[in-house]
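If you want the building blocks of each chain, they are given just below.
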Amino acid sequence: MTVRTRVAPSPTGDPHVGTAYVALFNYCFAKKHGGQFVLRIEDTDRARSTAESEQMILDALRWTGVTWDEGPDVGGPFGPYRQSERSEIYARHAELLLEKGEAFRCFCTPERLAELRAHQLAGGGGALGYDGQCLTLEPEEAAARAAAGETHVVRLKVPRAGICHVQDLLRGTIDIAWSEVDMQVLLKSDGMPTYHLANVVDDHLMGITHVLRGEEWISSAPKHLRLYAAFGWEAPQLCHLPLLRNPDKSKLSKRKNPTSILYYQRMGYLPEALLNYLGRMAFSMPDAAEKFGLDAMVEAFDLARVSPGGPVFDVEKLDWLNGRWIREDLDDDAFAERVVRWALNRDYLGPVIPLVKERIERFSQLPGLAGFFLEGLIDLTPEMLVVKKLNEDDVRRVLAWTLWQIDTLPAWKLEPIEATLRATADLLEMKLRDYLAPLFPALTGKPSSTPLFQSMEALGRDMTRARLKHALDVMGGLGKKAEKRERKAFDAARAAAAGDDAAED
RNA sequence: GUCCCCAUCGUCUAGUCAGGCCCAGGACACCGGCCUUUCAAGCCGGCGACGCGGGUUCAAAUCCCGCUGGGGACGCCA
């Protein structure tokens, strides 16, 4: 049997370091056993998936140095590798489960489900989940209603009693009572599959033998196992990797930490170093080596060397590793070439050139005017940020609200960035000029610079977020109480603004 | 609220499965020194952990139980 593993990112945002982490371990496991590693795009969420995000993920993953044998860009014998192109397959398999009596149609409205949920939560909790109302429907009647065009979903039937024994390569047997397992929606009312159905169908059809995925999936493993059994398929071996953590130990999140691979690129980390660092998360080399390349990791890879505790993703050691990679592995030519590839090229400088060309008379002014495009976090003091008529609280508010606002943007493009920042000034009932004043130093280190919106676009979302957050930290942070208060005011202002918009329509 | 996962220096970890070689080893960070025109780098040294309580055993970081702590999941998101 050939070992086949996969990574299955969802193209709903920036490429996440967690994706690279899981990809790395899957890659190493497959290659160690002479097998194949597959990249599959899980874009069944039509509302949130975008082609741009998919492209960024592919590019970023390739940048890290991990390669895949099959995928949407390179093809392969088990394609298509993009779930949105496999809809009929899932529909057919959902139908199969219906026929076998392993699944049922559910006509409950989202409103009823929300009510049910609220009621369960209020009524002392216990296991939350679907109450099985539509389970009582006769299959013929349900089929007739569906044929008549009535909106519905397909749900998985789950045993009401007994224990599901999940075999985990890292954690041994995990026992979960079937009563804890929800009757998961398999096919949404738009005809698209949920993750659970698509994932199981694809893993089987693509011959995946080992699933190494994040720990967050443990609780849904029984659903997946049930699905394999319902189809009459052999399930792959499961292995739940520990989750990367923020310094406060919570699951790594962009709110608390830069999570985008693009950010680490922009900061000037070498892909070798980033991969090396990710390889030190929960894994260690038998010879205790700290610095090692991908091939060496493949060679030494062994799940027995993976520890189950969640590691904190803390960049201090990444910095040190990156320094070693620069110093020990780049000769002068390679160094020059890498720096050019990093930022001193038309791709990165392209959008910046029109911004600076108008504003300089000598190239030697370039570092002063545009140096911030090449920097990491900006050296700041509170005095640099407290400008115009604003006081310290105003500045903190501007930074916090802006931070919250940029996360609402679906795409990191000039027009939405500009529209959103203008809207934020309105929400704060501030003149744009005053509102933007502290953002210039926060993002560029200077009271004035190249146009802010364009500069933000070039900097990228994660770098922008990181600098704003850093500026807020320099200002002493919001503090728990102020954060709560500000967040409330922010939400209220947004709601009011949304109300106004609706009234205008 | 319910279920599940996890637990060694501040951080990443070795050791845990096969108990003694561990009054716990390495790395980052930090502190001090050496080197050096400066700063790095490099070298040397220091600080610093088996969460707590019970068992089992001649012997427990390692096995068992309880507690505590941390985390995750409970969506027509993935």
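The rules behind these values
Here the residue numbering is sequential within each chain, running from 1 through the sequence in written order. Each chain gets a letter, beginning with A, and each ligand a number, beginning with 1, in the order they are written. With pLDDT at 70 or above as the cut-off, local features in this predicted model cover only qualifying residues; side-chain atom pairs require 80 or more to be listed or tallied, and sums for whole chains, interfaces and linings still use all residues. Water and hydrogen atoms play no part in the side-chain values, which are based on all heavy atoms of the structure. Along the chain, pLDDT gives the predictor's confidence residue by residue, from 0 to 100. Strands pair, by our definition, only if DSSP identifies at least two bridges between them. We count a stretch as a helix when DSSP gives it H or I for four or more residues in a row; a strand needs E for two or more, and each element gets its number in order from the N terminus. Only the stretch in contact is used when fitting a helix axis, every axis being a line fitted to C-alpha atoms; angles between N-to-C directions are given from 0 to 180 degrees. When an angle is under 35 degrees it counts as roughly parallel; over 145 it counts as roughly antiparallel; between 65 and 115 it counts as roughly perpendicular; any other value is oblique. With the far helix as reference, a near helix turned anticlockwise by less than a right angle produces a left-handed crossing, and one turned clockwise produces a right-handed crossing. Two residues form a contact once any of their heavy atoms are found within 4.5 Å. Only Asp, Glu, Lys and Arg are considered charged, only Ala, Val, Leu, Ile, Met, Phe, Trp, Tyr, Cys and Pro nonpolar, and every remaining residue, Gly among them, polar. For every residue, the accessible area (1.4 Å probe, protein chains only) is compared with the maximum for its type, and the residue is labelled buried under 20%, exposed over 50%, or partly exposed between those bounds. Residues enter patches when their relative accessible area tops 30% and they take part in no salt bridge; the joining distance is 9 Å for like charges and 5 Å for the nonpolar side chains Val, Leu, Ile, Met, Phe, Trp and Tyr. Per-residue and other accessible areas were derived by the Shrake-Rupley procedure at a 1.4 Å probe size, with only the shown protein chains allowed to occlude residues. Note on definitions: salt bridges are taken to be side-chain nitrogens of Lys or Arg within 4 Å of carboxyl oxygens of Asp or Glu. Stacked, edge-to-face and tilted labels apply to pairs of Phe, Tyr and Trp rings (six-membered ring for Trp) whose centres lie within 6.5 Å, assigned for plane angles under 30 degrees, over 60, and everything in between, in that order. Working rule: Lys NZ or Arg CZ, within 6 Å of ring centre, within 35 degrees of ring normal, means a charge sits over the ring.

A. Structural view of the confidence of the model for chain A. When pLDDT is averaged along chain A, the result is 93; 98% of the residues meet or exceed 70. Quick note on the complex model: pTM equals 0.94, ipTM equals 0.95.

B. Representation of the sheet that holds strand β4 (residues 153-156) within the structure. The strand order across the open sheet built from three strands is β3-β4-β7, with neighbouring strands paired in antiparallel fashion. The strands lining the two open edges of the sheet, one partner per strand, are β3 (103-106) and β7 (185-187). Sheet twist, expressed as the average angle between the axes of neighbouring strands with direction ignored, equals 45°. The sheet contact formed by β3 and β4 spans four bridges and is antiparallel. For C106, the partnering residue across the bridge sits in β4 and is V153.

C. Geometry of the packing of helix α6 (residues 195-205) against helix α7 (residues 221-231). Across the interface, α6 lies against α7 with an axial gap of 10 Å and an inter-helix angle of 55°. The angle between the axes of α6 and α7 places the two elements in the oblique class. α7 is crossed by α6, and the crossing has right-handed handedness. Across the interface between the two elements, Y195, H196, L197, V200, V201, D203 and H204 of α6 pack against K223, H224, L227, Y228 and F231 of α7. The class makeup of the residues in the contact of α6 with α7 is seven nonpolar, three polar and two charged.

D. A look at unusual backbone geometry. A cis amide bond, omega -5°, links G79 with the succeeding residue P80. With respect to the element layout, P80 can be found in the loop between α2 (51-64) and α3 (87-100). Although it is not a glycine, K249 adopts a positive phi angle of roughly 80°. Summarising the element assignment, K249 is placed in the loop between β9 (237-241) and α8 (261-266). We note that A282 has phi near 70°; this positive angle belongs to a residue other than glycine.

E. Structural context of the pairing of β4. Residues V153 and R155 of β4 are buried on one face, and the alternating residues V154 and L156, pointing to the opposite face, are buried as well. Strand direction decides the pairing type here: β4 and β7, joined by two bridges, are antiparallel. Paired with R155 across the two strands is V185, which belongs to β7.

F. Region of the structure containing the pairing of β9. Burial of β9 is extensive: four of the five residues sit out of reach of the surface. Pairing between strand β8 (residues 210-214) and β9: five bridges, direction parallel. Looking at β9, one finds that V211 is bridged to L238.

G. A look at a nonpolar patch on the surface. A contiguous nonpolar surface patch, about 230 Å² in accessible area, is contributed by V340, L344 and L374. With respect to the secondary-structure elements, L344 resides in the loop between α12 (332-342) and α13 (346-349). A relative accessible area of 41% means that L344 is categorised as partly exposed.

H. Seen up close, the packing of aromatic side chains. Under the counting rule described, the total for this entry stands at 15 aromatic pairs. Between the aromatic rings of Y264 and F313, the centroid separation amounts to 5.6 Å while the plane-to-plane angle is 75°, which identifies the pairing as edge-to-face. With a gap of 49 residues between them, Y264 in helix α8 and F313 in the loop between α10 (294-300) and α11 (315-329) connect regions that are remote in the sequence. Each residue in the set Y263, Y264, Y269, Y277 and F313 is aromatic and connected to the rest through ring pairs, giving one cluster. Residue placement shows R145 over the ring face of F107; its charged tip is 4.1 Å from the ring centre. The positively charged end of R266 is found above the aromatic ring belonging to Y348, 3.5 Å away from the centroid.

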